[in-house]
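Given next are the chains, with one letter for each unit.
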Number of protein chains: 2
Amino acid sequence: MPKISFKGQQMPESPIRKLVPFADEAKKRGRKVYHLNIGQPDIETPEVALNAIRNYNHKVVEYSHSAGMLSLRERLTDYYKTVNIDVTSDQIIVGTGASEALLFAFQSIMDPEDEVIIPEPFYANYNGFATNAGINVTPIVSDIETGFALPPMEAFEKAITDKTKAILICNPNNPTGYLYSKEEMETLRDLVKKYDLYLIADEVYREFTYDGKTHYSAMYLDGIDDNVILIDSISKRYSACGARIGWLISRNKTVISTALKFAQARLSPPTFGQVLAEAAVDTPDEYFVAVIKEYIARRNAVVEGINNIEGAFCPNPSGAFYVVARLPIDDSDKFCRWLLEDFEFEYQTVMLAPASGFYSTPGKGKDEIRISYVLKVEDLKSSVKVLAEALKVYPGRTN
Amino acid sequence: MPKISFKGQQMPESPIRKLVPFADEAKKRGRKVYHLNIGQPDIETPEVALNAIRNYNHKVVEYSHSAGMLSLRERLTDYYKTVNIDVTSDQIIVGTGASEALLFAFQSIMDPEDEVIIPEPFYANYNGFATNAGINVTPIVSDIETGFALPPMEAFEKAITDKTKAILICNPNNPTGYLYSKEEMETLRDLVKKYDLYLIADEVYREFTYDGKTHYSAMYLDGIDDNVILIDSISKRYSACGARIGWLISRNKTVISTALKFAQARLSPPTFGQVLAEAAVDTPDEYFVAVIKEYIARRNAVVEGINNIEGAFCPNPSGAFYVVARLPIDDSDKFCRWLLEDFEFEYQTVMLAPASGFYSTPGKGKDEIRISYVLKVEDLKSSVKVLAEALKVYPGRTN
C-alpha cells in the first residue's frame with residue numbers, strides 16, 4: 001500500500017472533536033449531554049440574510065471572482081465604515097471561511113520553518129493551519145490570574161528569532177474571551193514596527209464586547225499599514241458558520257496580490273455564502289443589541305456559577321463567548337472524558353473542551369477547561385450544576 | 001516592509017486569467033468578445049437543485065460534519081450506484097470544490113519534493129495545487145496527432161523516480177476532451193500496481209461523453225482499491241461551479257482518515273452548496289440527454305469549423321467540453337493577446353486560452369489553443385468565423 005505523507009501524519013487532531021465519540025456513546029446510554037465544547041452558536045441567523053438565499057434567482061450558479069464578488073467586497077467596506085475602519089474593496093480577499101483566509105495569510109508571508117508568535121492559550125485550529133503551511137508556532141504564555149491579558153513586551157522580544165515573521169492575536173480572544181485594550185494593541189504596534197513583522201489580527205468576534213467596553217481594531221493602529229493583516233468572518237457575527245465566508249484585509253498591496261494567487265488557484269469562494277454575507281450587512285442594530293444582552297446573561301451565569309464552586313476559578317472576560325476556567329482537577333483531558341464516560345447527574349452530563357488543546361507548551365492547561373457559552377441561560381445553569389456535582393466525586397480532584 | 005513567502009512568489013498565475021485585463025479593454029473599446037477561454041458552462045443549473053436552496057428552512061446556518069453532511073454523502077452513494085460504482089458514505093470526504101479535494105489528496109499522500117506524473121497538456125490549476133502542496137509535477141507528453149491518447153506505458157516508466165508517489169489523470173480530459181479507454185485505464189492499473197503508486201482520477205466530466213462512448217472509471221479497476229483516489233464534483237455535472245462542492249473518494253482507510261484531518265482543520269465545507277448538491281442527485285435523466293445533445297452540436301460546430309481553416313487541425317474528442325486545436329501561429333500567448341488587443345472582425349473578437357499554459361514542458365503548446373465550447377452553437381460558429389478571419393491577417397502566421 002502506498003505511503004501517506006509526513007504532513008498527513010503530523011496534522012493535529014482537533015482537541016474538541018476527539019471527544020465526540022464519547023459524547024455519542026453517552027447519548028446512546030440515554031444521557032442528556034450539554035455541549036459547551038464548540039463555538040457553534042444557537043443564535044438564529046438574521047432573517048435578512050436567510051431571505052437573500054431564499055430569493056436567489058440566478059439560473060446558473062457561476063464561479064465568482066477569485067477575490068470574492070465585487071458587490072460583496074463593496075458592501076463589506078460599508079460595514080467597516082460603521083466600525084470606523086477605512087478599507088477599499090481591492091484590499092479584501094474573500095475566503096471559504098476565516099479558516100481559508102488565515103491559511104492564505106500564513107502561506108503568503110511565511111516559508112516552511114518560519115515562526116509565528118501567538119499568545120497561548122490560542123484557538124486550537126491555528127495549529128492545523130500552521131502545520132498545513134509548514135510553519136512553526138511559538139507560544140507565549142498568558143496567565144489566567146490576569147484574565148489572560150497580553151503578555152509583556154519582553155516576553156515577545158525573548159521569543160523573536162530570525163525565523164519570526166508574524167505575531168497572531170485573536171481579539172476578542174477565543175478561547176479566553178479576553179478583549180485587548182488600546183494600550184495592549186499599541187504594544188503590538190511597537191513590536192511589529194521594531195522587528196519588521198506582520199501583525200495578523202483575527203477579529204471575528206469584534207461585535208461581541210460587554211460591560212460597555214469597545215473593541216480596538218488592529219486597523220486603527222498608525223504607521224503599520226504594511227504590517228497588518230486583518231482576518232474576519234460572518235460566521236459568528238451573523239451566526240452563519242456553515243456559509244463558510246471569511247476574508248482577509250490588508251493595505252499591503254504585495255500581501256493582497258500574493259494572497260490572490262492562492263485564491264485564484266482554488267477558483268472562487270462559495271457563491272451562496274457570499275450572497276448571504278452581502279445581505280447580512282443589512283442586519284438591523286436591534287439584532288446585535290438582543291444578542292449581546294443574551295451573551296452577557298449567559299457569561300454571567302457561567303462565570304458566577306463556576307466561581308461558586310469551591311476550588312474553581314473563572315475570570316470574567318469582556319468579549320467573545322468563551323471562558324477558560326481553572327478547576328481542581330489533575331488532568332483536563334482525563335476529566336472531560338470521564339464526564340462523558342463515567343459520570344452523570346440526574347441523567348445529564350456536560351461536554352467541555354480540555355484547555356490543554358489550546359496550549360502549545362507541553363503540560364500547560366492541564367487544570368483548565370474551555371466553555372463556549374452558546375446555550376440558553378437555563379441550560380448553562382444546569383450545566384454548571386452538573387459540573388459542580390461532578391467535581392464532588394471526580395477521582396482526580398486535586399484539592 | 002516584511003517579506004512575502006517564497007511559495008507566495010512561486011504560485012503560478014492562471015494562464016487564462018492573465019488575459020482578462022486585455023479582454024476588459026477590448027470590451028471598453030466596444031468589441032463583442034466571445035469567451036471561449038473558461039470552463040464556466042452557460043447551461044442552467046437544474047431546477048430541482050436550485051429549489052432546495054430556495055426552500056432552505058433552517059434557522060441557523062450551522063457547520064456541517066467536516067467530511068460533509070452525512071445525508072449528502074449517503075445520497076452520493078446512490079448516485080454512484082447509477083454509474084455502477086460501489087462506495088460507502090465513509091469513503092467520501094466532501095471538499096470546497098474538487099479543488100480542495102485534490103489539494104487534500106496531494107497533501108495526504110505526498111511530501112514536499114515528491115512527484116506526481118501527469119500526462120500533458122493538463123488542467124493548468126493542477127500546477128497551483130502542486131505548488132501549494134510543495135510537490136513537483138512530472139509531465140509526460142500526449143500527442144495531438146493521436147487526439148491526446150494516453151502516452152505508452154514506457155513513457156510513464158521512464159518518468160518514474162523514487163520520488164514518484166502518484167499518477168494523476170483527468171478523464172474525460174480537460175483541456176483535450178480525450179476520453180480514456182478501458183485498455184488505457186488498465187495500463188494505468190498495471191503501472192500503479194507495479195510501482196506501488198496512487199492513481200488520482202479526476203472524473204468531474206464523467207457524464208459528458210459523446211458518440212455512444214461510455215466512461216470507464218478508475219473505480220472499476222480491480223486489485224488497486226488502496227491505490228485509487230477519485231476526485232469528483234457537482235460543478236460541471238449540474239452546472240453549479242459557484243456552489244463549490246467537490247469530493248474525494250477512496251477505499252483506502254488511511255487516505256480517508258488522513259484527508260479527514262485536513263478537512264477538520266478547516267471545519268466544514270459550505271452548507272448551502274451541500275444542500276444543493278444533495279438535491280441535484282435527483283436531476284432527471286432528460287436534463288442530461290438535452291445537455292449532451294447540446295454539447296455534441298457545439299463540439300461539432302467547433303471541430304468542423306476549425307478543421308475547415310487552412311493550416312489548422314482539431315481532433316474530435318469524445319468527452320468534456322474542451323478541445324485543444326493546432327493553429328498556424330508562432331506563439332499562442334502572443335496570438336491570444338493579439339486577438340484581444342489588435343484584432344476585430346465586424347466589431348467582434350474571441351478570447352481563447354493559450355495551450356502553453358496547459359503544458360509543463362517549456363516550449364510545448366506554442367501553436368495550440370484550448371477552446372471551451374460553453375456558448376450556444378450560433379455564437380460558436382461566429383467565433384470560429386472570427387478566428388478564421390484573424391488567422392488571415394495575424395502577423396505571426398507560420399504557414
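All values derive from a computational prediction rather than experimental measurement.

S.K.: Explain the overall build of chain A to me, and be specific about the residues and the numbers.
M.R.: Helices and strands together make up the secondary structure of chain A, namely 13 helices and twelve strands. For 399 residues, the compact-globule estimate of 2.2 N^0.38 gives 21 Å, and chain A sits close to it at 21 Å. Seen along its three principal axes, the alpha-carbon backbone of chain A occupies a region of about 60 × 60 × 55 Å. Counting the 399 residues in chain A, one finds 65% classified as buried. Charge-centre separation for chain A: the mean point of 44 positive side chains lies 4 Å from the mean point of 54 negative side chains.

S.K.: Go over helix α2 (residues 20–28) of chain B, please, and point to the residues and values.
M.R.: Residue and element names in this part refer to chain B. Along α2, the residues classified as buried are Phe22, Ala23 and Ala26. Down the axis of α2, the buried set is contained in an arc of 100 degrees. They therefore lie on one face. Each element contacted by the buried residues of α2 is listed here: β1 (32–35), α12 (332–341) and β10 (348–351). Just downstream of α2 lies Gly30, where phi reads positive at about 85 degrees.

S.K.: Please give an account of the environment of Tyr63 of chain B that cites residues and values.
M.R.: With respect to the element layout, Tyr63 of chain B can be found in the loop between α3 (47–54) and α4 (70–82). Leave out the neighbours within four places in its chain, and Tyr63 of chain B touches Gly39, Gln40, Lys236, Cys241, Gly242 and Arg244 of chain A together with Leu267 and Ser268 of chain B. Within the structure, the side chain of Tyr63 of chain B is placed 3.4 Å from the side chain of Lys236 of chain A, a separation counted as a polar contact.

S.K.: Now, about the domain arrangement of chain A: what can you tell me, with residues and values included?
M.R.: Residue and element names in this part refer to chain A. You can read the domains of chain A as domain 1 (6–44 + 286–393) and domain 2 (47–280). If you look at the interface, domain 1 gives 38 residues, while domain 2 gives 36 residues. For the pairing of domain 1 and domain 2, the buried interface totals around 3100 Å² over both sides, and the portion due to carbon and sulfur atoms is 61%. Linking domain 1 to domain 2 there are 14 residue pairs in polar contact (both at pLDDT 80 or more). When residues of the side of domain 1 that touches domain 2 are traced back to their parent elements, those giving at least two are α1 (6–10), α11 (285–307), β9 (322–326) and β12 (368–372). Considering each element in turn, the side of domain 1 that touches domain 2 owes the most residues, seven residues, to α11. Of the residues that constitute the side of domain 1 that touches domain 2, the class distribution is 23 nonpolar, eight polar and seven charged.

S.K.: Pulling in residues and values, what's your account of the pattern of salt bridges?
M.R.: Within the structure shown, the criterion is met by 52 salt bridges over all chains. One salt bridge connects Asp225 of chain B with Arg251 of chain B, and the closest N-O pair in it is separated by 3.3 Å. Here Asp225 of chain B, found in the loop between β6 (198–202) and β7 (228–233), pairs with Arg251 of chain B, found in the loop between β8 (245–250) and α9 (253–265); they are 26 residues apart in sequence, far enough to count as distant. By sharing partners, the salt bridges in this structure join Glu203, Arg206, Glu207, Asp232 and Arg237 of chain A into a single network.

S.K.: Now, about helix α5 (residues 97–109) of chain B: what can you tell me, with residues and values included?
M.R.: Three- or four-residue spacings in an α-helix give side chains the same orientation, since the helix completes a turn every 3.6 residues. With 13 residues, α5 of chain B extends 19 Å between its outermost C-alpha atoms, agreeing within 8% with the 18 Å of an ideal straight helix rising 1.5 Å per residue. Burial of α5 of chain B is extensive: 13 of the 13 residues sit out of reach of the surface.

S.K.: Tell me about the nonpolar core, and name the residues and values.
M.R.: Of all hydrophobic cores here, the largest spans 304 residues; its most connected members are Phe106 of chain A together with Phe106 of chain B. Once you skip the residues sitting within four places of it in the chain, Phe106 of chain B turns out to touch Val116, Tyr126, Phe129, Ala130, Ala133, Ile135, Leu168 and Ile200 of chain B.

S.K.: Any chance you could break down the interface of chain B and chain A for me, citing the residues and the numbers?
M.R.: Taken residue by residue, the interface counts 73 residues in chain B and 73 residues in chain A. For the pair chain B and chain A, the two sides together bury roughly 6200 Å², of which 56% comes from carbon and sulfur. Run the count over chain B and chain A and you get zero salt bridges. Across the contact surface, chain B and chain A share 36 residue pairs in polar contact (both at pLDDT 80 or more). Counting residues per element, the ones that place at least two in the side of chain B that touches chain A are α1 (6–10), α3, α5, α6 (125–133), α9 and α10 (271–280) of chain B. Top contributing element to the side of chain B that touches chain A by residue count: α9 of chain B, with seven residues.

S.K.: I'd like a rundown of the relation of the copies chain B and chain A, residues and numbers included.
M.R.: Aligned on chain A, chain B shows an RMSD of 0.0 Å; the corresponding rotation is 180 degrees and the shift along the axis is 0.0 Å. Seen this way, the second copy is the image of the first under a two-fold rotation axis. When each C-alpha of chain B is compared by its distance to the rotation axis, Arg54 of chain B comes out closest, at 2.0 Å. Interface overlap between copies: 100% of the residues of chain B at the interface are likewise at the interface in chain A, consistent with a symmetric, same-surface contact.

S.K.: Describe unusual backbone geometry, and please don't skip the residues or the numbers.
M.R.: Residue and element names in this part refer to chain B. Omega for the bond connecting Glu120 with Pro121 falls within 30 degrees of zero, at 0 degrees, which places this linkage in the cis form. Note on placement: Pro121 falls in the loop between β3 (115–120) and α6. Cis geometry is found at the peptide bond from Asn174 to Pro175, where omega equals 20 degrees. Looking at the element boundaries, Pro175 is found in the loop between β5 (164–170) and α8 (182–195). Residues other than glycine seldom take positive phi values, yet Ser239 does so here, at roughly 45 degrees. For Ser239, a relative accessible area of 1% translates into the label buried. If you check the backbone angles, Tyr347 has positive phi at about 65 degrees while not being a glycine.

S.K.: Any details on the environment of Ser250 of chain B? Residues and values, ideally.
M.R.: Residues and elements named next belong to chain B. Locating Ser250 in the fold gives a position in strand β8. Residues within four places of Ser250 in sequence aside, it is in contact with Gln91, Val228, Ile229, Val255 and Ile256. Of the polar contacts made by the side chain of Ser250, one reaches the backbone oxygen of Val228; its length is 3.3 Å. Within polar-contact distance, the side chain of Ser250 engages the backbone nitrogen of Asn252 at 3.0 Å.

S.K.: I'd like a rundown of the sheet that holds strand β3 (residues 115–120) of chain A, residues and numbers included.
M.R.: Residues and elements named next belong to chain A. What the seven strands build is an open sheet, ordered β2-β8-β7-β6-β5-β3-β4; its pairing is mixed. Whereas interior strands pair on both sides, the edge strands pair on one side only; in this sheet they are β2 (92–96) and β4 (136–141). Between one strand axis and the next, the sheet turns by 25 degrees as a mean value, whatever way the strands run. Strand direction decides the pairing type here: β3 and strand β5 (residues 164–170), joined by three bridges, are parallel. Considered in β5, the bridge of Val116 is made with Ala166. Taken strand by strand, helix α4 (residues 70–82) contacts β2, β7 (228–233) and β8 (245–250), and its axis lies near 110 degrees from that of β2. Those strands touched by helix α8 (residues 182–195) are β5 and β6 (198–202), and its axis lies near 170 degrees from that of β5.

S.K.: Report on the packing of α4 of chain B against α10 of chain B, specifying residues and quantitative values.
M.R.: Two numbers describe a pair of packed helices, the interaxial angle and the distance between the axes. Residues and elements named next belong to chain B. Across the interface, α4 lies against α10 with an axial gap of 9 Å and an inter-helix angle of 30 degrees. As far as their axial angle goes, α10 and α4 are roughly parallel. Taken as a pair, α4 and α10 cross one another with a handedness that is left-handed. Counted together, Ser71, Leu72 and Arg75 of α4 and Gln274, Ala277 and Glu278 of α10 form the full contact between these two elements.

S.K.: Any chance you could break down the packing of helix α3 (residues 47–54) of chain A against helix α10 (residues 271–280) of chain A for me, citing the residues and the numbers?
M.R.: Residue and element names in this part refer to chain A. Here α3 crosses α10 at 140 degrees, and the two axes come no closer than 8 Å. It follows that α3 is oblique to α10 by the angle criterion. Crossing angle aside, the handedness with which α3 passes α10 is right-handed. Seen from α3, the contacting residues are Val48, Ala49, Leu50, Ala52 and Ile53; seen from α10, they are Phe272, Val275, Leu276, Ala279 and Ala280. Counted by class, the contact of α3 with α10 contains ten nonpolar, no polar and no charged residues.

S.K.: Can you explain the pairing of β7 of chain B? Please cite residues and give values.
M.R.: All names here are of chain B. Across the six residues that make up β7, a large majority, six, are buried. By the alternation rule, side chains of β7 split into Val228, Leu230 and Asp232 and Ile229, Ile231 and Ser233, which are all buried. As judged from the four bridges shared by β6 and β7, these two strands associate in the parallel manner. Within the sheet, the bridge partner assigned to Leu199 lies in β7 and is Val228. Bridge count for β7 against β8 is five bridges, and the pairing is antiparallel.

So, how was this worked out
Residues numbered from 1 in each chain as written. Chains lettered and ligands numbered in written order. Predicted model: local features only at pLDDT ≥ 70, side-chain atom pairs only at ≥ 80, totals over all residues. Heavy atoms only, no water. Helix = DSSP H or I, 4+ residues; strand = E, 2+ residues; numbered from the N terminus. Rg over C-alpha atoms; globule rule 2.2 N^0.38 Å. Buried < 20%, exposed > 50% of the residue type's maximum accessible area, 1.4 Å probe, protein only. Lys, Arg positive; Asp, Glu negative; His and termini not counted. Charge placed at Lys NZ, Arg CZ, Asp CG, Glu CD. Arc of directions from axis to C-beta. Contact = heavy atoms within 4.5 Å. Polar contact = N/O pair within 3.5 Å; in protein donor to acceptor, adjacent residues only side chain to side chain. Domains from an automatic or database assignment. Buried area = accessible area lost by both parts, 1.4 Å probe. Nonpolar A, V, L, I, M, F, W, Y, C, P; charged D, E, K, R; others polar. Salt bridge = Lys/Arg side-chain N within 4 Å of Asp/Glu carboxyl O. Expected span 1.5 Å × (residues − 1). Core = buried A, V, L, I, M, F, W, Y, C linked by side-chain atoms within 4.5 Å. Least-squares fit on C-alpha atoms with pLDDT ≥ 70 in both. Pairing = 2+ DSSP bridges. Axes fitted to C-alpha atoms, helices over the stretch in contact; angles between N-to-C directions. Parallel < 35°, antiparallel > 145°, perpendicular 65-115°, else oblique. Left-handed = near helix turned anticlockwise from the far one by under 90°.

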